[in-house]
Amino acid sequence: MNATHFPWLTVIILFPLLAGLLLPIIPDKDGKTVRWYSLIVGLIDFVFIVYAFYTGYDLSEPGLQLVESYTWIPDIDLKWSVGVDGLSMPLVILTGFITTLAMMAAWPVTLKPKLFYFLMLAMYGGQIAVFAVQDLLLFFLVWELELVPVYLILSIWGGKKRLYAATKFILYTAGGSLFILAAALTMAFYGDTVTFDMSAIAAKDYGLGLQLILYAGFLIAYGVKLPIFPLHTWLPDAHGEATAPAHMLLAGILLKMGGYALIRMNVGMLPDAHARFAPVLVILGVVNIVYAAFTSFAQRNLKRKIAYSSISHMGFVLIGIASFTELGMSGAMLQMISHGLIGASLFFMVGATYDRTHTLMLDEMGGVGKTMKKAFAMWTACSLASLALPGMSGFVAELMVFVGFATSDAYSTTFRVIVVILAAVGVILTPIYLLSMLREIFYGEENKELVSHEKLVDVEPREVFIIGALLVPIIGIGLYPKIATQIYDSTLTQLTAMVRGHVPTLVETAKTPPPAIAGVSMAPTIGPD
Amino acid sequence: MESFLYDYAWLIPVLPLLGAALVGIGLISVNNVTNKLRQLNAVVILVLIGVAMTMSFALLWSQLQGHAPYTQSFEWAAAGSFRLTMGYIIDPLTSVMLAIVTSVALLVMIYTDGYMAHDPGYVRFYAYLSIFSASMLGLVISPNLVQVYIFWELVGMCSYLLIGFWYDRKAAADACQKAFVTNRVGDFGLLLGMLGLYWATGSFEFAVIGERLEELVSSGALAGGLAAFFGILVFLGPVAKSAQFPLHVWLPDAMEGPTPISALIHAATMVAAGVFLIARMYPVFEPFPLVMNVIAWTGALTAFLGASIAITQNDIKKGLAYSTISQLGYMVMAMGCGAYSAGLFHLMTHAYFKAMLFLCSGSVIHGMEAVVGHNPVLAQDMRLMGGLRKYMPITATTFLIGNLAICGIPPFAGFWSKDEILGSAFGANPALWLVGWLTAGITAFYMFRMYFLTFEGPFRGTDTTIQGELMAAAGAIAGGGSDDHGDHHDAKPHESPWTMTLPLAILAIPSALIGLAGVPWHNRFEHLVHAPGEAIAALAEFDQTEFLIMAGSSVGIGLIGIALAGLMYSQKAIDPKAIAQKIQPLYNFSLNKWYFDELYDRVFVVGTRRIARQMLEIDYRVVDGAVNFTGLVTVVTGQGLKYFENGRVQFYALIIFAAVLGFVVVSSL
C-alpha cells in the first residue's frame, strides 16, 4: 500500500537525520560552518513542513492525512506508516519551529560542535517521527530513539551535576517506556489479529478491566514525560543542568510528547478507561498547578524555578483532556502549543542570562535591569506571557480549559466548583513567583558583587531575533486564537464526540431530555450578530 | 458620515496601540536612534491619541443627538459548537467613557513632556502611556465579559509596568508587584464569577446574562443565593481594580510611579474601570438585593477608610491616593444604592478634578525638586512645602479649584455629582448617607489641610533640620535610597513649564463647570446615561425642598471641614500636634493606614512563603527522596554501582533500545 503522493512526511523525518550524517565530513576550521549548515538544514526542513501542510493538508478533514505506509516486517505487521491529523500536525510544526530556533540558540556551544549539532538534527527527525508515526511499535522505537540524543546532550554539555541529572532522566523515561512497550505488545497481540497499526488497535474491543490496566500503564509512561505529580522530579534536575538549546527542546517539545500520547492513546484508544480515569487526571492536574506553583515560588535557582512553572502549566493540559468538552480539549491542545512557545522562550532567556551573570541563584543577582535593558524587556514579555496575560497565547488556552471544564456535563457541580476554584488559585500564584523572579533579577539597586566580577552586556541581535520569532506566534495566537484552533478543531471535535459516547452518565442524559440549565448551557453560542 | 464614524470606531483603541507598537519596536531594534528622536516619538503618539479623541467626541456628540447604540463583532475563538465573539459597542456609557479617557490621556501626555523632560526613559514612558490608553479604550468599548476581562488584565499590566517605571528604586519594584498580585486576587474572583455566570446562562454578553439569570432564578432552575454569589465574585474584580476595601492596599503604593501616570491611571481612568464594570454588569447585579447591599456597603466603608487615612498623610501623593480611594468608594456606593447615573456622573467629574489635582501635585514636586533634589522622600513631603502659591501661582489656583470641586462646594463639579450620590444613598438607606455625609466633611478637612500645608504659610523647603529628620525617618525604612547629585539647591521653587501648566489650566475648566451638565433640575447627563431598562421619564422629577436640604447639609459639613482645616493649618489657632497627642491611638491607627499592610504581610506574604518552602521541602525530601532511594536500592542490588560511578548509565538506555531492536529483528526472521 504505497502512498500516491510525494512522501512528504518521510522526507521531513529523514532529511535532518541524513543531513546530520554528513556533518563529520564537513570541513570546519572556525567552528562556524557547522552551525550554519545545521541551521540551514533545520530551516529547509521547516520549509518542507510548512509547504507539505500548506499544499497537502485539508483542515476540514478530521482523519489522518498525508498518509504513507510501507511494509517493513510483514510477519508482525510492522510498517513504516506515518500520517498526520489535527492532533499531530500542529505539534509537527511546533517541533520544526522550536528546533530550528534552538539550533540558532546553540551559537555559544563550542565543545564538540559536530557531535552536538548531529544530536540536534537527530532529535529534529526523531521528535517529528514521534508525532507522525501511526504504528505502535514504531512509535515505541522512535520514542526510545529520541531519548538517546537528549541523554547525551544532557550528559556531555550539562552543568556540574549533569551525570546525575542525565541518569535520572534516562532511568525515569526509560522506566516509563517499559510500560509503553508492555501495553503496546498486549494491545497488538490481543484478539484475533496481530497488528501494530494504531487505528486497527484503536478499533479492537478490549474489556474494561484490561483497558484500565493498559490505561494505567500508559498514564505512568506519559505522566513521566508530561510530567505529572509525583513523577516530575526528573524535570527540575534535567533542566537545572541542561544548556539553553536543550532546555528549549525539553520544555518546548519533549513535554508535549506526553500530552500528545495521552490524547492519542489514552483518550483515543481506551475511551472506556478514560471515562473512569478522567477524574484522576483532573485531580492530578489541579495538584500539578498548585503544587508546582508553590515549589516554583520557593525555588532560588532560576532554571529550576522555570522548570517547576512548566510543571504547573502542564496541569491545565490534564484538566482539559479530562473535560469531555470540545472547548476543554481544544484548550488542552492550545496550552501545549502555547507552552511550547512560552517555555522555550523563557528557558532561552534563562540561558542568555546565565551566559552573562554566570550564576543561576537569584540571591546573587539583582538590579541587572540597568545594564541589560533589552534583556529586561524580553524577560518581562516572556514572563507576562507565561502568567497568562491576555493578548498572549497562554491566556486563551487557560481560559478555554476553564470554560470547558466549568461547563462540562460529565462531572457533578460540586466537583467542578472545587476544581475550578483550586485551579484558579494558580492564577494568583503564577504572577507571584514570576514577578518576584523579575524583581529579584532586574529591579532594585545593582548587586555590587555581581557587577564587580561580571561584565554585563545587553542581549545581541541574534537573541532578540529568537525571542522576537517566538513572541510573534505567542501574541498572534493571543490576539486571534482561531489561527491555531482551526488547525485541529475538526479532529478534536470528532475525538470528543467519540469519547463522550463512552461516558456512561453522558450517554444516559443524552437519552433523557436535558434539564433547564443544561438546556441553556448546551447552546453556548454568543454574539448573534 | 455618521455610519462611517461608527464603522471605524475600532480605530480609537487601535491608533494608540499602533503608536505604542511603532515606538516599542523602535526601542527594541534601534534603541539609540529612537531615544535620540525623543520628542518626535511623543508627537507621533500625541497625534494618534488626538485623532482618537476627536473621534470619541464626535461619537459622544452623535450619542447626545440620540443615535441608537451600535454593536459590531467577529468570531474570535471557536471549538466545536462553541463560539466566542469579540467586537465593540458604542452606546452612551461607552461614548462618555471614551471622551473622558481620550481627553485626560491627551492632557496627561502633553504634561508628560515637561515632567519627564530630563528622564532617560522619556520615550519608553510615552510608549507605555500609549499602550495603556489603547487598553483602557479597548476596555470601555467591550461588548462582553470576556473582552472586558482581557483588557482588564491588560490595563493591569500597563499599571504594573508604569508603577515599576523607575525600576532601580526598591520601593517601586515592590509596589508594582504588589499592585499586580493584588489585582490578580480580584481577577480570580472575576474569572470565577464569569465562569459561573457562563455555566448558568451560557452567555458572556452583559444584557443576555442579566436576562437569563433573572429567568432562571424566577423559574427556580437556579438558586437565588448562587446567582448572588456569582455576582459577588464578579464584584471582586472591581474591588481590586477600584481599590476598594479590603483590596485597596496596592493603590497608595502605586504612587511610586511617575506622577503623570498617577493622574491618568491611578486617579482618572483605570481605577474607575471597576465602577465602569459595575455599570456594565448592572443588569446582572440589580435584581439581587444582597449583591447591591454588598456593593453599597463596600463602597461606604471604603469611602470612610480612605478619608480617615488621608487626614494624617504627609506625602502629598499618598494623601491624594487615599482621597482617590475614598472617592471611588463614593462611586461604588452609588452603584450599590441603585444610583446608576449618579455614580457614573461622579466618575466623570472625579476623573477631571482628580487628574488635575494629581498633575498639580506633580507640578509641586517638580518645583520642589529644584530645591531639595530628586529624592521622593523630600520632594513629596508636605512638611517641607508651604507658601508655594507665591512661586507657583497657576498650580496653586488650579489646585484650589480642584479642592473646591472635591469638597463639594457649588457650583464646582464635585458638588453636583456628590450631592446626587448622597441624595440617592439617603433614599436607599440613611445609614449609608450618614457615612457618606461624614466622609464629605473629612474630605473637606484633609483636602484643605493639604492645600494650606502646601501653598500657604512660609516656605519650609530649605529647613535642613526638617530635611534631616525626614531623611533619618526614611533611612530607617528605605535604607536611605537617595539619588542626590549635589547639583541642586535653588533657594526657591519655580513654576513649571507651560507644557505642564497648560494641561492644568485646561483641566480646570471641566473641574469647575462640568457639573452643570448634571444639575438636578435639568439633568442632561442622566438623560444620556441611565441604567438599562430604566425609563427616563421616571428620573425627571425634581424636588426642590429635598434638594435644598440635602445640598445644604453636605455643603454645611464641607464648610465646617474647611474651616477646621483653616483654623489648624492656616491660622494656627488649634495645634494639630496637640490633638494628635490627645488621641494618640487613633492618630497612629490612621497614620499606619489601619495596619493593613502589616496584617497582610504577616498573614499572606509570610504565609505563602512558608507554604511554598514547605512544599519544596516535601518535593525534595519525600517525592524525590523516594525516587532516589528506589534508584539506589536497585542499583546496589543489581551490582550496577560501578556504572553509576563511572557515569555510564547510558548503557541502560542502549540496552533497552537494543533489546527492542533485537525483538524486531528476531521476529522478522
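### Quick word on the overall build of chain B
Check the secondary structure of chain B and you find 31 helices and two strands. In chain B, buried positions account for 55% of the 669 residues. The long-range share in chain B, meaning contacts at least 24 apart out of those at least 6 apart in sequence, stands at 80%.

### Thoughts on the overall build of chain A
Within chain A one finds 22 helices and two strands. For 529 residues, the compact-globule estimate of 2.2 N^0.38 gives 24 Å, and the C-alpha radius of gyration of chain A, at 23 Å, lies within 12% of that figure. When its C-alpha atoms are laid out on the principal axes, chain A stretches across 75 × 55 × 45 Å. Burial status across chain A gives 63% buried among its 529 residues. Taking the contacts inside chain A whose residues are at least 6 apart along the sequence as the reference set, 80% of them involve residues at least 24 apart.

### Some details on the pairing of strand 1 (residues 70-79) of chain B
Residues and elements named next belong to chain B. Here strand 1 pairs with strand 2 (residues 82-90) via nine bridges, running antiparallel. Each residue of the ladder has a partner; that of S73, found in strand 2, is G87. Where strand 1 hands over to strand 2, the hairpin turn is made up of two residues, of which G80 adopts a positive phi near 55°.

### Notes on the interface of chain A and chain B
Contact residues are listed per partner, giving 76 residues for chain A and 69 residues for chain B. The element best represented in the side of chain A that touches chain B is helix 17 (residues 413-442) of chain A, accounting for eleven residues. Residue classes in the side of chain A that touches chain B are distributed as 47 nonpolar, 19 polar and ten charged.

### Some remarks on the nonpolar core
Ranked by internal contacts, the top residues of the largest apolar core, which has 442 residues, are M248 of chain A together with M333 and A355 of chain B. Residues from two domains meet in this core; each of domain 1 (1-142) and domain 2 (612-668) of chain B gives at least three. Not counting chain neighbours up to four residues away, the residues in contact with M248 of chain A comprise I98, L101, A102, A105, A344, F347 and F348 of chain A.

### Notes on the environment of G87 of chain B
Residue and element names in this part refer to chain B. On the secondary structure map, G87 appears in strand 2. Classification of G87 by C-beta neighbours within 10 Å gives partly exposed; the count is 18. Once the C-alpha coordinates of G87 and W76 are considered, the two residues, eleven residues apart in sequence, prove to be 8.9 Å apart. When near neighbours in sequence (up to four residues on either side) are disregarded, G87 contacts T71, Q72, S73, F74 and P143.

### Regarding unusual backbone geometry
With omega at -5°, the peptide bond leading from L226 of chain A into P227 of chain A counts as cis. Looking at where P227 of chain A falls in the secondary structure, it is placed in the loop between helix 9 (208-225) and helix 10 (234-241). For the peptide bond that leads from F229 of chain A to P230 of chain A, omega is 5°, which places it in the cis range. As for its placement among the helices and strands, P230 of chain A is situated in the loop between helix 9 and helix 10. In this structure, K112 of chain A takes a positive phi of about 40° despite not being glycine. Within the secondary structure, K112 of chain A is located in the loop between helix 3 (89-105) and helix 4 (113-132). Here the phi dihedral of R38 of chain B falls at roughly 40°; this positive angle occurs in a residue that is not glycine. For R38 of chain B, the position within the fold is in the loop between helix 3 (31-37) and helix 4 (39-64). Overall, the presence of 14 C-beta atoms within 10 Å leaves R38 of chain B in the partly exposed class.

### Overview of the environment of A182 of chain A
Residue and element names in this part refer to chain A. If you trace the backbone, A182 turns up in helix 7 (residues 162-189). Overall, A182 belongs to the partly exposed group, with 15 C-beta atoms counted inside 10 Å. Considering only alpha carbons, one finds A182 and L387, 205 residues apart in sequence, at a separation of 39 Å.

### Remarks on the packing of helix 5 (residues 136-145) of chain A against helix 7 of chain A
All names here are of chain A. Running from N to C, helix 5 and helix 7 point in directions that differ by 170°, and their axes come no closer than 10 Å. As the angle between them shows, helix 5 and helix 7 are arranged roughly antiparallel. Of the residues in helix 7, those touching helix 5 at L136, L137, F140, W143 and E144 are S177, I180, L181, A184, M187 and A188. Here the contact of helix 5 with helix 7 is composed, by residue class, of nine nonpolar, one polar and one charged.

### Focus on helix 6 (residues 147-157) of chain A
Most of helix 6 of chain A sits inside the fold, with eight of its eleven residues counted as buried. Taken together, the buried positions of helix 6 of chain A are L147, P149, V150, Y151, I153, L154, S155 and W157 of chain A.

### What about the confidence of the model for chain A?
Close reading of the predicted structure is inappropriate where its pLDDT is low. Per-residue confidence for chain A averages 86 on the pLDDT scale, and 95% of its residues sit at or above 70. Every residue in residues 513-529 of chain A is under pLDDT 50, and counting partners more than four places away or in other chains gives 33 contacts.

### A closer look at the confidence of the model for chain B
Residues and elements named next belong to chain B. The pLDDT averaged across chain B works out to 85; a share of 90% of its residues lies at or above 70. Contacts for the low-pLDDT stretch residues 478-486, under 50 throughout, to residues beyond four places or in other chains number eleven contacts. Across residues 639-647, confidence stays below pLDDT 50; counting only partners more than four residues off in sequence or on other chains, it has nine contacts. Reported confidence for the predicted complex is 0.88 by ipTM and 0.89 by pTM.

### Concerning the packing of helix 9 of chain A against helix 11 (residues 244-269) of chain A
All names here are of chain A. Where helix 9 contacts helix 11, the two axes come as close as 7 Å, and the packing angle between them is 160°. Regarding the angle of helix 9 to helix 11, the classification is roughly antiparallel. For the element pair helix 9 and helix 11, the recorded crossing hand is left-handed. Two secondary-structure elements touch here, helix 9 through Y215, F218, L219, Y222 and K225 and helix 11 through L254, L255, M257, G258, A261, L262, M265 and N266. Residue composition of the contact of helix 9 with helix 11, grouped by class: ten nonpolar, two polar and one charged.

### Quick look at the environment of G558 of chain B
Residue and element names in this part refer to chain B. When you line up the elements, G558 lands in helix 26 (residues 544-570). By C-beta crowding, G558 is classed as buried, having 27 other C-beta atoms within 10 Å. C-alpha separation for the pair G558 and A79, spaced 479 residues apart in sequence, amounts to 57 Å. In contact with G558, not counting residues within four places along its chain, are C407, G408, I409, A440, G441 and A444.

Here is what the cut-offs are and how they apply
- Residues numbered from 1 in each chain as written.
- Chains lettered and ligands numbered in written order.
- Predicted model: local features only at pLDDT ≥ 70, side-chain atom pairs only at ≥ 80, totals over all residues.
- Helix = DSSP H or I, 4+ residues; strand = E, 2+ residues; numbered from the N terminus.
- Buried ≥ 20, exposed ≤ 12 C-beta atoms within 10 Å, placed from the backbone.
- Contact = placed C-beta atoms within 7 Å.
- Rg over C-alpha atoms; globule rule 2.2 N^0.38 Å.
- Pairing = 2+ DSSP bridges.
- Nonpolar A, V, L, I, M, F, W, Y, C, P; charged D, E, K, R; others polar.
- Core = buried A, V, L, I, M, F, W, Y, C linked by C-beta atoms within 7 Å.
- Domains from an automatic or database assignment.
- Axes fitted to C-alpha atoms, helices over the stretch in contact; angles between N-to-C directions.
- Parallel < 35°, antiparallel > 145°, perpendicular 65-115°, else oblique.
- pLDDT = per-residue confidence, 0-100.
- Left-handed = near helix turned anticlockwise from the far one by under 90°.

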